[in-house]
Amino acid sequence: NSTEADPQHIYTNQGIYNVNLTITDTAGCTASVSHFVNVVPGPIAMFSFTTPACAGSDVQFTDISVAAGSVINTWHWDFGDGTDTTVTAPGNPNVTHIYAAEGLYTVTLTVTNLLGCDASSSMNVMISSGPIAGFSFEQGCLGTPATFTDESNPNGGPAITQWLWNFGDPASGVSNTSNLQNPAHIFTGTGTFDVTLTITNLNNCTSFITQQIIVNEAPEVDYTWQAACAESLT
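These numbers come from a predicted model, not from an experiment. (Residues numbered from 1 in each chain as written. Predicted model: local features only at pLDDT ≥ 70, side-chain atom pairs only at ≥ 80, totals over all residues. Heavy atoms only, no water.)

Student: I tried to follow a nonpolar patch on the surface on my own but got confused; where do I start?
Tutor: Together, I44, M46, I64 and V66 make up an exposed nonpolar region whose accessible area comes to about 310 Å². If you trace the backbone, I64 turns up in the loop between strand 5 (58-63) and strand 6 (72-78). What makes I64 partly exposed here is its relative accessible area of 42%. (Patch = residues over 30% accessible without salt bridge, like charges linked within 9 Å, V, L, I, M, F, W, Y side chains within 5 Å. Areas by Shrake-Rupley, 256 points an atom, 1.4 Å probe, with all protein chains shown as cover. Salt bridge = Lys/Arg side-chain N within 4 Å of Asp/Glu carboxyl O. Helix = DSSP H or I, 4+ residues; strand = E, 2+ residues; numbered from the N terminus. Buried < 20%, exposed > 50% of the residue type's maximum accessible area, 1.4 Å probe, protein only.)

Student: How should I be thinking about the side chain of D150 in this particular structure?
Tutor: Considering the arrangement of structural elements, one finds D150 in strand 12 (residues 146-150). Note on D150: relative accessible area 12%, which makes it buried. One polar contact links D150 to Q181, side chain to side chain, over a distance of 3.1 Å. For D150, the residues in contact, after removing those within four places along its chain, are G134, F135, W163, W165, Q181, N182 and L197. (Polar contact = N/O pair within 3.5 Å; in protein donor to acceptor, adjacent residues only side chain to side chain. Contact = heavy atoms within 4.5 Å.)

Student: So what exactly am I meant to see when it comes to the state of the cysteines here?
Tutor: The bond known as a disulfide is covalent and runs between the sulfur atoms of two cysteines. Taken as a whole, this structure holds one disulfide when the rule is applied. C54 shares a disulfide with C205; S-S distance 1.7 Å. Disulfide C54-C205: torsion about the S-S bond near -70°, hence left-handed. With C54 in strand 4 (residues 53-54) and C205 in the loop between strand 16 (191-201) and strand 17 (206-215), this pair connects stretches of sequence that are 151 residues apart. A relative accessible area of 3% places C54 in the buried class. (Disulfide = S-S within 2.5 Å.)

Student: I'm lost on unusual backbone geometry in this one. Help?
Tutor: Leave glycine aside and you will find that most residues have negative phi; peptide bonds, for their part, are mostly trans. A cis geometry characterises the amide bond from A89 onward to P90, with omega recorded as 10°. Residue position: P90 is located in the loop between strand 7 (84-88) and strand 8 (95-98). Located in the positive-phi region is N155, a residue other than glycine, with phi close to 60°. When you line up the elements, N155 lands in the loop between strand 12 and strand 13 (160-166). Taking relative accessible area as the criterion, N155 reaches 34% and is therefore assigned partly exposed. With phi around 70°, N204 is a residue other than glycine that occupies positive phi space. The topology assignment puts N204 in the loop between strand 16 and strand 17. The class of N204 is exposed, set by a relative accessible area of 52%.

Dropping the structure here:
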């Protein structure tokens, strides 16, 4: 019950409710009216995310909300680091986000259905340190190996366990990639090649870097001579 002129009421269960309003004027006269109010289930906000979650790497957030009484048409993601994004149907409610620094972040998903009903859910996401990829190289000439040296930094995280090199030289076939930490590669032609190193640490956090290497033609070598007698200068 309420004695307010324009009250609000929260129904705890779905169903059809007969709401009766009775008014009384200053002369003591009364009048009543009844309407049926259909209360439908509101949405239930839920989501999951990929683990481990690492600084500098994509964290995938997947919506698993329940629409219940109506269709969800808006998803608002607050990533807890001062950034947020809103997705409106028919857009994909599943999003990715990159955290710049390690730490504990509270992520909140708010869903709204076509009736204007909304619901929210929050989860804490622990972001661990991600590695930082880096390498140096010695330029190679055509026909001679170019050598690459891994200079990646664990960045306070666990040890780096995997290295994947792509030399940007598809004409070299299976030799275009390498899993060695410090590989060498003979390029199949001259020009500029984009070399990419992708590293993975013990927590499965990844990082990559791409640098350009220029491969030049090898210099041509030759010489001439003059015939000479023994013990004389040639």
